[in-house]
Amino acid sequence: MLLFTRNFKKNQAVELPPSYLNGQDVGVMKDMKYGFFTVGDVGCGALALYNAMIYKGLEPSLPKIIRYLERTSAPFGAKFGTFPYAMGIALRRFGIKNKMTFSFKKLSEADACLIAYWVKRPIFSGGHFVFSVKQEDGTYMVYNRWSNVSEPRNCKTLREVVKKHCLMVGYILK
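Quick look at the structure, then.

Cut-offs and rules
- Residues numbered from 1 in each chain as written.
- Predicted model: local features only at pLDDT ≥ 70, side-chain atom pairs only at ≥ 80, totals over all residues.
- Heavy atoms only, no water.
- 1 Å grid on protein atoms, 1.4 Å probe; cavity = no way out; pocket = protein on both sides within 12 Å on 5 of 7 lines; lining within 4 Å.
- Points joined across faces, edges and corners; volume = space filled by probe spheres on them.
- Helix = DSSP H or I, 4+ residues; strand = E, 2+ residues; numbered from the N terminus.
- Nonpolar A, V, L, I, M, F, W, Y, C, P; charged D, E, K, R; others polar.
- Contact = heavy atoms within 4.5 Å.
- Phe/Tyr/Trp six-rings, centres within 6.5 Å; stacked < 30°, edge-to-face > 60°.
- Buried < 20%, exposed > 50% of the residue type's maximum accessible area, 1.4 Å probe, protein only.
- Lys NZ or Arg CZ within 6 Å of the ring centre and 35° of its normal.
- Expected span 1.5 Å × (residues − 1).

This paragraph deals with the layout of surface pockets. When its volume is computed, the largest pocket comes out at roughly 620 Å³. For the lining of the largest pocket, the secondary structure elements donating two or more residues are helix 2 (39–42), strand 4 (112–118) and strand 5 (127–134). Looking at side-chain class alone, the lining of the largest pocket contains 15 nonpolar, 9 polar and 3 charged residues.

See below:
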């Protein structure tokens, strides 16, 4: 518990813009603490949740999100980041109704969603969370697509982000 308190106090000192966050490994976010690691290393789940709150018109606090995830969804001091199958509970905890799905088609049809996926090979590569919003023209604005790029990425399809057989789980925002 001492670790979480120390991390929370340190993270509260960081000023973040009141808008979508991108590039977990650049700017002021990269050194924020998450478990025994940093947001730059393993904080994509926290950023996805933060961005979902912005989308829903809520007032997110990244330090509070991190503290909650450290306590409930980031085993082994966040060595492997945020446990993907706990994100639905975290979304509800922060006021966002959602539906878990393993259907890539349903995610592609959603107005907004969080997606957890394997970066390369399932199980043998790292995972990543992104937040996606479907645009009026049918493309997808993907937030925190890459950890070292501070701008969102507009993609024609979600397959540009998640390769075949690499989807872990998705959460459709309601």
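Next comes the rest of the write-up.
Mapped onto the fold, Val149 is located in the loop between strand 6 (140–143) and strand 7 (153–155). Taking the C-alpha atoms as reference points, Val149 and Lys79, 70 residues apart in sequence, are found 22 Å from one another. With near-sequence residues (within four places) excluded, Val149 lies in contact with Asn22 and Gly23.

All right, on to the packing of aromatic side chains then. How two aromatic rings sit relative to each other is set out by the distance from centre to centre and by the angle between their planes. Inspection of every chain in the model, using the stated rule, returns 7 aromatic pairs. Ring geometry for Tyr20 versus Phe131: centroids 6.3 Å apart, planes at 20°, classification stacked. Residue Tyr20 is located in the loop between helix 1 (2–12) and strand 1 (33–34), and its partner Phe131 is located in strand 5; the two are separated by 111 residues in the primary sequence. Ring centres of Tyr85 and Phe102 lie 6.4 Å apart, and the angle between their planes is 40°; on these two criteria the pair is classed as tilted. With Tyr85 in the loop between helix 5 (75–78) and helix 6 (87–93) and Phe102 in the loop between strand 3 (98–101) and helix 7 (104–109), this residue pair connects regions lying 17 residues apart in the sequence. What makes Phe102 exposed here is its relative accessible area of 55%. Against the face of Phe94 rests Arg93, its NZ or CZ located 5.1 Å from the ring centre. For the cation-ring pair, Arg159 lies above Phe104, with the distance from its terminal atom to the ring centre recorded as 3.8 Å.

The next thing to look at is helix 3 (residues 44–55). In an α-helix, one turn spans 3.6 residues; hence positions three or four apart end up facing the same way. A rise of 1.5 Å per residue sets the reference length of helix 3, with its 12 residues, at 16 Å; its end C-alpha atoms lie 16 Å apart and thus fit the reference within 8%. Among the 12 residues that make up helix 3, 11 are buried, leaving the element largely enclosed by the rest of the structure. Along helix 3, the residues classified as buried are Cys44, Gly45, Ala46, Leu47, Ala48, Leu49, Tyr50, Asn51, Ala52, Met53 and Ile54. A positive backbone phi angle near 80° is found at Gly57, which sits one or two residues after helix 3.

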